[in-house]
Amino acid sequence: MKYYEVMDVLSCCGLGAVLVSENNIVVEINETGDSLLHGEGKIKGQSLELIAPFLCHKDSGTSYGIISFNEYLSQCPAPVLTDIPPQTRLVVFRDATKDIRHDMFVQIFNKITDSVILCDEYGCILQLNDAAVKMDSLLTENIFGKKLSSVYQMADDSYLAIPQVIAEKRPLLNLRQHYTTCYGKDVDIVCNNYPIIDAGHILGGFSVMKDWSTIDELNRRIIDLQGKLLEQSGSSKSKSNTTWTVKYQFKDIIYTSSAMNNVVRKCQKIARSDSSVMIYGETGTGKELLTQSIHNASQRTGRPFLAINCAAIPEHLLEALLFGTEKGAYTGAERREGLFEQADTGTLFLDEINSMNITLQSKLLRVLQDGMVRRVGGAMEIHVDVRVLSNINIPPYQAIAENLLRQDLFYRLGVITINLPPLRERKEDIPLLCKNFILNLNRKLPQNVCDIDIATFEIFYAYDWPGNVRELQHAIEYAMNILPVDISVITPSYIPEHILLKVNGGVSDIPCNSSWNSIIQDVECRVLRKALRNNGGNISKTARILGVSRQNLQYRIKKNGIDLKDVLKSE
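Residues numbered from 1 in each chain as written. Predicted model: local features only at pLDDT ≥ 70, side-chain atom pairs only at ≥ 80, totals over all residues. Heavy atoms only, no water.

**Regarding helix 8 (residues 161–168)**
As a reminder of what qualifies: The buried label applies to any residue whose accessible area, calculated with a 1.4 Å probe on protein chains only, is under 20% of its type's maximum; exposed applies above 50%, and partly exposed to all values in between. Helix and strand definitions here come from DSSP, where helices need a minimum of 4 consecutive H or I residues and strands a minimum of 2 consecutive E residues; each element is numbered from the N-terminal end. Each C-beta atom gives one direction from the helix axis, and the arc is the one those directions make. Only heavy atoms matter for contacts: two residues are in contact if any of them lie within 4.5 Å across the pair.
Listed in full, the buried residues belonging to helix 8 are Ala161, Ile162, Val165 and Ile166. All buried residues of helix 8 fall inside an arc of 135 degrees around its axis, so they share one side. The secondary structure elements touched by the buried residues of helix 8 are strand 6 (115–120), helix 7 (148–151), strand 9 (172–181), strand 10 (186–198) and strand 11 (201–211).

What follows is the structure, given as structure tokens:
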């Protein structure tokens, strides 16, 4: 097929095409191209740089450019033609006005602070906004097209509201509902539900929701504040003051994995008792988040919650902090309550208990056995009612074998033991964790980041995360700090270098004189080749799995010089 015939075919498909010289003078233009550029047949021979300069960039990919008021065009990958005139190239573009409007409305949709879920006329999920993602711990791409009933299980045999408003074609307002997601998260909401009707035909429905637990918490704080205002000055030393530092509840734990679901379900059950709990987990897995959640779900919520890092404080000071001191116990000592006394009727959290000196562990054991505390330098024993939660960053039996933890103390502290899995064992949680970090950091920095591209996710999946969830959070925060203001997607260019250099077999196969951009391109090329190989070279299937358009994937394949035949041969 001749190049001018290809240009006519592109025109029939609604695509503009111009043939331009090396200095960007228009040599040929098809009918759709002339219409999109408002040329009225006068564009041939003119400079494309003056008419639409954004079309002159050879690697513009899917970038947009404005052509007139509220009209946008987007450059598309051009077919490879062999018969075009020498020193010319083909530029293909399309009307992107609807894309721009859609992208703008999506950004508005995601900035709404209420949670919103949108469904089609059959009750299948189309979209969740960012607030709903955060509230339900669900990603749209994981539940897109699924029936509401397969994602949300209503409590007390109540009904799903959106299918009802679709069936009845009328809204349901101020409805209180409680449900459990398919990943095991319990959510309590109040919602307004509306059908979407156009010309008498039902298109779908949506629900605008508020997290009832948040409303309830605000009401509780108001009541607490009113109570404090009524207190006499002599009773201002209320132990409930300490509860203000306890931030986390089970609803704040972000996960979709079955491993974390099992941990959270187990902890929700044990929260109701007063038994001691020891949590084993690597650094950065979220042990303190879990302990605060256990306290807040227990009968001791509203009472003191105190935490101390046993690794950060010298032994003699740690003993004084835990048990208190009497005046004159040592030079400069004053009469002070220890943490056990301050936490009376509440919870004490001992962080990194394996770092505590063995001698001090024996003194701690006596307190746990008898419920009696003796201050350093004191003679009187003081009764305390404290639930002790602890954590350890190495396996408990390894700590016992290495004489870092007394076996009898372990039996006291580890009545219930919880194994918190590292991030490398629950990588399916990475997308949802990233989304939540982005939402929180957008407000903190402030920034306007929307997502992470597929190449970055592939790097995250390949990395082992020795620092676990905390390291992932820091990687996202690093990227958002250095991301240019006009870029809203995190690409490999902006993630910490040590992560990029450790994936795909490490740095051994990357030349020492490689530039940063060439390393990034090398990683992207490897990701694309692996995805294409796994899908038998099927472009549509690969694009769908990678979450990009077919056009975008073809552009990246061409940009990286990937030969499909060569990729399939390397299987």
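Next comes the rest of the description.
**Observations regarding the sheet that holds strand 16 (residues 347–351)**
For clarity, the threshold we go by: Pairing between strands is defined by DSSP: at least two bridges between them are needed. Angles run from 0 to 180 degrees between N-to-C directions of axes, and those axes are lines fitted to C-alpha atoms, restricted for helices to the stretch in contact.
Within the open sheet, the five strands sit side by side as 13-16-19-12-20. Their pairing is parallel. One side of each edge strand has no neighbouring strand; the edge strands of this open sheet are strand 13 (305–309) and strand 20 (416–419). Neighbour-to-neighbour, the strand axes of this sheet turn through a mean angle of 15 degrees, independent of strand direction. When strand 13 meets strand 16, the two strands line up parallel, connected through five bridges. Across the sheet, the residue bridging to isoleucine 308 is leucine 350, located in strand 16.

**A few points about the pattern of salt bridges**
Spelled out, the test is: Should a side-chain nitrogen of Lys or Arg be within 4 Å of a carboxyl oxygen of Asp or Glu, the pair is scored as a salt bridge.
Here the structure, examined in full by the defined rule, presents 20 salt bridges. Glutamate 326 is the salt-bridge partner of arginine 375, the closest N and O atoms lying 3.5 Å from each other. Highlighted residues: arginine 375 in the loop between strand 17 (372–374) and strand 18 (381–383) and glutamate 326 in the loop between strand 14 (324–325) and strand 15 (336–337), separated in sequence by 49 residues. Between aspartate 566 and arginine 529 there is a salt bridge whose closest N-O contact spans 3.1 Å. Separated by 37 residues along the polypeptide, aspartate 566 in helix 24 (residues 564–569) and arginine 529 in helix 21 (residues 516–534) bring together distant segments of the chain.

**Focus on unusual backbone geometry**
In this model, leucine 445 is joined to proline 446 through a cis peptide bond whose omega is -15 degrees. Its location among the elements puts proline 446 in the loop between helix 17 (430–444) and strand 21 (451–452). Of note, serine 137 is a non-glycine position whose phi angle comes to about 55 degrees, a positive value. Within the secondary structure layout, serine 137 lies in the loop between helix 5 (130–136) and helix 6 (140–143). For tryptophan 465, which is not glycine, the phi dihedral falls at a positive 55 degrees.

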